[in-house]
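Chain by chain, the residues run as shown.
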Amino acid sequence: MLQNNKLTLPLFHWFVSNFEGKPVSNTYTGSCGTDPNRGYLAVTTFNYKVFIKDVGQESARIICECFVREPKGKDIIKKNFESTDFGCSPHGLTQATDWLNEKYNKFMKSKEK
């Protein structure tokens, strides 16, 4: 979600919780830059996805992915795909949010040129 030109993510317990005694996780996706009049197919957008890998295990990690989607005629081209991971904790989620905002700010600066 975009608030005050910064991406925000749900709280950690939204990503990792228990259901009937078993660890479960949710995936969060979003995009920025959609034109309200023409939708996302006509403009370049910043897209992201955050999810937990290996939920409930010691190896659990927060995975962040982002890419730019450009319209090119009838085709949509994904470029600048990046992915990284962080510790599966509230602190790791803060780091993930900071990383996504760094990538989003880079995207916005490239649109200004």
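Notes on the overall build of the chain
Here is step 1: From N to C terminus, the chain includes two helices and eight strands.
Here is step 2: Helices (α) and strands (β) of the chain occur, in sequence order from the N terminus, as β-β-α-β-β-β-β-β-β-α.
Here is step 3: Along the three orthogonal principal directions, the C-alpha set of the chain runs to about 50 × 25 × 20 Å.
Here is step 4: Counting all 113 residues of the chain, 33% fall into the buried class.
Here is step 5: Within the chain, contacts between residues separated by at least 24 positions form 44% of all contacts whose residues are at least 6 apart in sequence.
Here is step 6: Carbon together with sulfur atoms contributes 49% to the accessible area of the chain, which is approximately 7500 Å² in total.
Here is step 7: Distance between charge centres in the chain, computed from 16 positive and 12 negative side chains, equals 7 Å.

Quick word on the packing of aromatic side chains
Here is step 1: Going through the model one piece at a time under the given rule, you end up with eight aromatic pairs.
Here is step 2: With a centroid separation of 5.7 Å and an interplanar angle of 90°, the aromatic rings of tryptophan 14 and tyrosine 28 are classed as edge-to-face. With a gap of 14 residues between them, tryptophan 14 in helix H1 (residues 12-15) and tyrosine 28 in strand E5 (residues 28-32) connect regions that are remote in the sequence.
Here is step 3: Residue class for tryptophan 14 comes out partly exposed when judged on its relative accessible area of 33%.
Here is step 4: Note on tyrosine 104 and phenylalanine 107: the rings are 6.4 Å apart at their centroids and 35° apart in plane angle, and the pair reads as tilted. In this pair, tyrosine 104 and phenylalanine 107 are both assigned in helix H2 (residues 90-112), three residues apart and thus about one turn of the helix distant. Like phenylalanine 107, tyrosine 104 is buried.
Here is step 5: A network of ring pairs unites the aromatic residues Trp14, Phe15, Tyr28, Phe46, Tyr48, Tyr104 and Phe107 as a single cluster.
Here is step 6: It is lysine 49 that lies over the ring of phenylalanine 51; its NZ or CZ is 5.1 Å from the centre.

What counts and how
Residues numbered from 1 in each chain as written. Predicted model: local features only at pLDDT ≥ 70, side-chain atom pairs only at ≥ 80, totals over all residues. Heavy atoms only, no water. Helix = DSSP H or I, 4+ residues; strand = E, 2+ residues; numbered from the N terminus. Buried < 20%, exposed > 50% of the residue type's maximum accessible area, 1.4 Å probe, protein only. Contact = heavy atoms within 4.5 Å. Areas by Shrake-Rupley, 256 points an atom, 1.4 Å probe, with all protein chains shown as cover. Lys, Arg positive; Asp, Glu negative; His and termini not counted. Charge placed at Lys NZ, Arg CZ, Asp CG, Glu CD. Phe/Tyr/Trp six-rings, centres within 6.5 Å; stacked < 30°, edge-to-face > 60°. Lys NZ or Arg CZ within 6 Å of the ring centre and 35° of its normal.

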